[in-house]
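An overview of the molecular structure
Okay, here's what each chain looks like letter by letter:
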Amino acid sequence: MLNTIGVIGLGVMGSNIALNMANKGEQVAVYNYTRDLTDKLLQKVEGQSLTPYYEIEEFVQALEKPRKIFLMVTAGNAIDSVIQSVVPFLEKGDVIMDGGNSHYKDTERRYDELKALGIGYLGIGISGGEVGALTGPSIMPGGDQEVYNKVAPILTKIAAQVNDTPCCTYIGPKGAGHFVKMVHNGIEYADMQLIAEAYTFLRKNIGLSVEEIATIFETWNQGELKSYLIEITAEILRKKDEITGLPLIDMILDKAGQKGTGKWTSLQSIDNGIPTSIITEALFARYISSLKEERIQAEAILSGPNYKQQNLDRDVWIEYVRQALYMGKICAYAQGFTQYKMTSELYEWRLPLKDIALIFRSGCIIRADFLNVISEAYQKQPSLNNLLIDPYFAEKSMDYQNGLRKIVCEGIQAGNAFPCLSASLTYYDSYRTGSSNANMLQAQRDYFGAHTYERIDAQGVFHTNW
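Residues numbered from 1 in each chain as written. Predicted model: local features only at pLDDT ≥ 70, side-chain atom pairs only at ≥ 80, totals over all residues. Heavy atoms only, no water.

A short note on the packing of aromatic side chains
Each aromatic ring pair is specified by the distance between its two centres and by the angle formed by the two planes. Put simply, the test is: Only Phe, Tyr and Trp rings take part, Trp by its six-membered ring, and two of them pair if their centres are within 6.5 Å. Stacked means planes under 30 degrees apart, edge-to-face means over 60, and tilted covers everything else. Burial classes follow relative accessibility: with a 1.4 Å probe on protein chains only, a residue under 20% of its type's maximum area counts as buried, one over 50% as exposed, and anything between as partly exposed. Here, a charge over a ring means that NZ of Lys or CZ of Arg falls within 6 Å of the ring centre while also lying within 35 degrees of the ring normal.
Per the counting criterion, the structure on display carries 24 aromatic pairs. Measuring from centroid to centroid gives 4.9 Å for Tyr347 and Trp349, while their planes differ by 55°, and the two rings are tilted. The class of Trp349 is buried, set by a relative accessible area of 6%. Aromatic rings pair up to connect Tyr104, Phe179, Phe337, Tyr340, Tyr347, Trp349 and Tyr378 into one cluster. Its end group placed over the ring of Tyr54, Arg35 keeps NZ or CZ at 3.9 Å from the ring centre. Here the guanidinium or amino end of Arg286 rests over the ring plane of Tyr189, the centre of that ring lying 3.7 Å away.

Right, dumping it as structure tokens:
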């Protein structure tokens, strides 16, 4: 019997995707460049329809036509190398899917190269980590619709499900799927940093213990902040270090890593004039965290504000933190979905924003209850410019802005670095300001560079001999 699909790349994500497919009834062929990972996967298999291959030609020939090959390979040159190794054995109508975190521009190049050969190519965003890969991730496929239709029955089957609705939908042409995953990761950066800043205020400014903060996050996860990241934060705070018995969070070095997708999100927004300040500040926060040795030296030299710890009303300020975190999340998601909208218009992708919000509801890292509300906002107004002006989020922002202002002001006075909370407040205030100080910038540009300016009382372009 021929296999219905093949998986190349059997690291943690690839092996779990293969097991997911096998568990859902697919006949899965697997191949890895090195034999050890293939053998390791076989040790996990108990009766699933999964067959190993150790030669690439044998692997390809073992697939039913049109052949469907799912790549779970490290982004970059490795993808190109694998494609070059399988193409000689493929025929017109076969399909290659890249499920890694490839840059969407690379995906578009590969799409064009393979389309010229008559081979379908899909760039597929996968979110959910190793658990999601095994039990059901959020899946974001981009490429030709007719190519997606060939593999849709498999992808929708292995995706996370919400009320029997798969967290997988056709995203758009060419690199759209990987683009949506890229910005998803940027939102994820911002969401994580906002939570870290909320935790910092609860601990440093209110003086709560790690256990008390864990209880607060557990409570928040029962309300409108309910999300995967809030849930795991509570679990993280409950975890004790097996060696010292202290909260494990206190034993973890404060140097955060990143794999590039957050940077790509910021660079794409900068290249195309899209404001994503919260996402970019989250990226910079990781960069400055990596300067651990320099920060230790600077702490001994540079002083903070002469701040006297306030006796803050615990319950009142915990509520301020909750409001600040929720409003920060609104602003971060508003920036991410604005990036989707503006890029979709730029490339004529017609991204389905309401559906993108829905497929994020389960399986992915940024899954959260309020994605239902985001989807409803775009369902009511498909051309909505910004989530902040949706009636629901506008009302929430007006109700919660005081909490955000309180936390940002108190935190800054105490000398805490709150890059994303403060960027959220600045974004909100900038966006709601109908008449800004950019007129001064234009005057300065015209003064030193004759860059011209427009007037509020007349049409045309003007220049002044200052």
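Overview of the sheet that holds strand 6 (residues 120-127)
Note the following rule: Two strands make a pair as long as DSSP finds a minimum of two bridges between them. Each helix is a run of H or I in the DSSP string that is no shorter than four residues. Each strand is a run of E no shorter than two, and both are numbered from the N terminus. Axis definition: a line fitted to C-alpha atoms, over the contacting stretch in the case of helices. Angles run 0 to 180 degrees between N-to-C directions. Any two residues whose heavy atoms approach within 4.5 Å are treated as being in contact.
Spatially, 7 strands are ordered 3-2-1-4-5-6-7 in an open sheet, and the strand pairing comes out mixed. Across the chains shown, the open sheet's two edge strands, defined by having one partner strand only, are strand 3 (50-52) and strand 7 (138-142). Averaged over all pairs of adjacent strands, the angle between strand axes in this sheet comes to 25°, irrespective of strand direction. Relative to strand 6, strand 5 (residues 95-98) is paired through 4 bridges, and the arrangement is parallel. Counterpart to Asp98 in the pairing with strand 6 is Gly123. The sheet contacts of helix 8 (residues 176-205) involve strand 5, strand 6 and strand 7, and relative to strand 6 the element is tilted by about 15°.

Description of the pairing of strand 1 (residues 5-8)
Operational definition: Handedness of a crossover is defined as follows: with both strands directed away from the viewer, a clockwise route from the first strand across the helix to the second makes it right-handed.
Burial of the side chains of strand 1 extends over both faces: Ile5 and Val7 are buried on one face and Gly6 and Ile8 on the other. Note: strand 1 against strand 2 (residues 28-31), 4 bridges, orientation parallel. When the sheet's bridge partners are listed, Ile8 is paired in strand 2 with Tyr31. For the handedness criterion, the β-α-β arrangement of strand 1, helix 1 (residues 12-23) and strand 2 is classed as right-handed. Examined bridge by bridge, strand 1 and strand 4 (residues 68-71) share 3 bridges and lie parallel to one another. When the bridges of strand 4 are listed, Ile8 appears paired with Leu71.

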